[in-house]
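One letter stands for each residue in the lines below.
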Amino acid sequence: MFDIEFANKEYLYLLIAVPVLAVAFALYMRKRRADMRKIGDMKVMKPLMPETSTTRPILRCALALLALSLLILAVARPRVGSKLVEATSEGSEIMVVMDISNSMRATDMYPNRLENTKNAITNMVKKLGSDKVGLIIFAGSAYVQVPMTTDLKATEIFVQSVSCDMISEQGTALGDALNLAYKSFNFNNDLSKAIILVSDGENHEENPDPIEITKKCKEKGIVVHTIGMGSTRGVPIPVREGSNEYIKDRKGEIVVTKLDETTLQKIAQTGGGIYVKATNSNSGFSTIYSEISKMQKGEIMQYADFEEKFVIPTVLALILYITACMILNRKNRWIKKMGIFE
């Protein structure tokens, strides 16, 4: 039996526009007829406009709306699942926890801490095989940017879209971020699990305690690795990327951010992982992924073998649209003789 589903179901809401446009067209045609009646009697005027068609505009609109409907269905990506396939997936579940607080704008790494981190994560994702990966971003609070997935291409896109402006609540809540990462894992499979925390280590929230959350992770078999971004000497934080102005405190003094290696080392030690200080030449992700690769892997899973069907509605939409464009509002004499639109 075939299972039909849409990969991007949210786009189906755009179908609401089709009846709205149909009503708008009907109102337009009604107003047009009313305006014509003001000019004179339609029975008298019709012989004066022998090539004017009342059915052609309706047919054009119908074909255009049908083409639009099919295009929306294509964008929603219809898929057909015909069978269940049993496959062995050898990999790990890796949750990357990424600091996007204002301090990540600091330029003690090229071009800054955040961009350096994004590029490093993207390079790591490109090397993943059958591993699952997810992304959590955090500042004063934490959010899941990418749930655990094997769609590595989509993950790369989401990673590159990250900016420090995505979370208005500033700060560095390491505990919240690690706790959210803990909750994001699927404990019903046998995949090895790891967290890669990327931050400058400055923790501005005591609750929940990141060390206590790390202990909970280790109890569940989740290994926690950390990567330190930035320098320990301290640098100012630009107001925005590329700006020469720096963030100041209430006293008007420039705020300085520096890498807190002690906190990150303690988290890694507690979580059974390793700590790596990132540099411009070595992001640390390769070293940590090598450690993750040594972990036990393997899982038997069943998944639906879906076949993409978006090409069919796309082609039909294109044909209908071209057909609609070829239909003129005025009658063609040779078609008139055939009586197709009569």
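Our structure is the block above this text.
In this text the structure is predicted, and so the values were computed from the model without any measurement.

Peer 1: Help me out: how do you make sense of a nonpolar patch on the surface in this one?
Peer 2: A cluster of nonpolar side chains, contributed by Phe310, Val311, Ile312, Val315, Leu316 and Ile319, occupies part of the molecular surface with about 510 Å² of accessible area. With respect to the secondary-structure elements, valine 311 resides in helix α10 (residues 311-326). The exposure class of valine 311 is partly exposed, given its relative accessible area of 48%.

Peer 1: How should I be thinking about the sheet that holds strand β7 (residues 222-228) in this particular structure?
Peer 2: Sheet strands pair via backbone hydrogen bonds, and the direction of the pair is either parallel or antiparallel. Strand order across the open sheet formed by 6 strands is β5-β4-β3-β6-β7-β10, with mixed pairing between neighbours. Two strands bound the open sheet, and with one partner strand each, they are β5 (142-149) and β10 (272-277). Along the sheet, successive strands turn relative to each other by an average axial angle of 15 degrees, direction set aside. Pairing of strand β3 (residues 92-99) with strand β4 (residues 132-138), which is carried by 7 bridges, proceeds in the parallel orientation. The residue bridging isoleucine 94 from the neighbouring strand is valine 133, located in β4. Contacting β3, β4, β5, β6 (192-199) and β7, helix α6 (residues 174-183) crosses the sheet at an angle of about 155 degrees to β6.

Peer 1: I tried to follow the environment of alanine 268 on my own but got confused; where do I start?
Peer 2: Inspection of the secondary structure puts alanine 268 in helix α8 (residues 261-270). Assessed through its relative accessible area of 1%, alanine 268 is described here as buried. Between the C-alpha atom of alanine 268 and that of isoleucine 211, which follows or precedes it by 57 residues, the distance is 9.3 Å. In contact with alanine 268, other than residues within four places in its own chain, are Val224, Thr226, Gly273, Ile274 and Tyr275.

Parameters at a glance
Residues numbered from 1 in each chain as written. Predicted model: local features only at pLDDT ≥ 70, side-chain atom pairs only at ≥ 80, totals over all residues. Heavy atoms only, no water. Patch = residues over 30% accessible without salt bridge, like charges linked within 9 Å, V, L, I, M, F, W, Y side chains within 5 Å. Areas by Shrake-Rupley, 256 points an atom, 1.4 Å probe, with all protein chains shown as cover. Salt bridge = Lys/Arg side-chain N within 4 Å of Asp/Glu carboxyl O. Helix = DSSP H or I, 4+ residues; strand = E, 2+ residues; numbered from the N terminus. Buried < 20%, exposed > 50% of the residue type's maximum accessible area, 1.4 Å probe, protein only. Pairing = 2+ DSSP bridges. Axes fitted to C-alpha atoms, helices over the stretch in contact; angles between N-to-C directions. Contact = heavy atoms within 4.5 Å.

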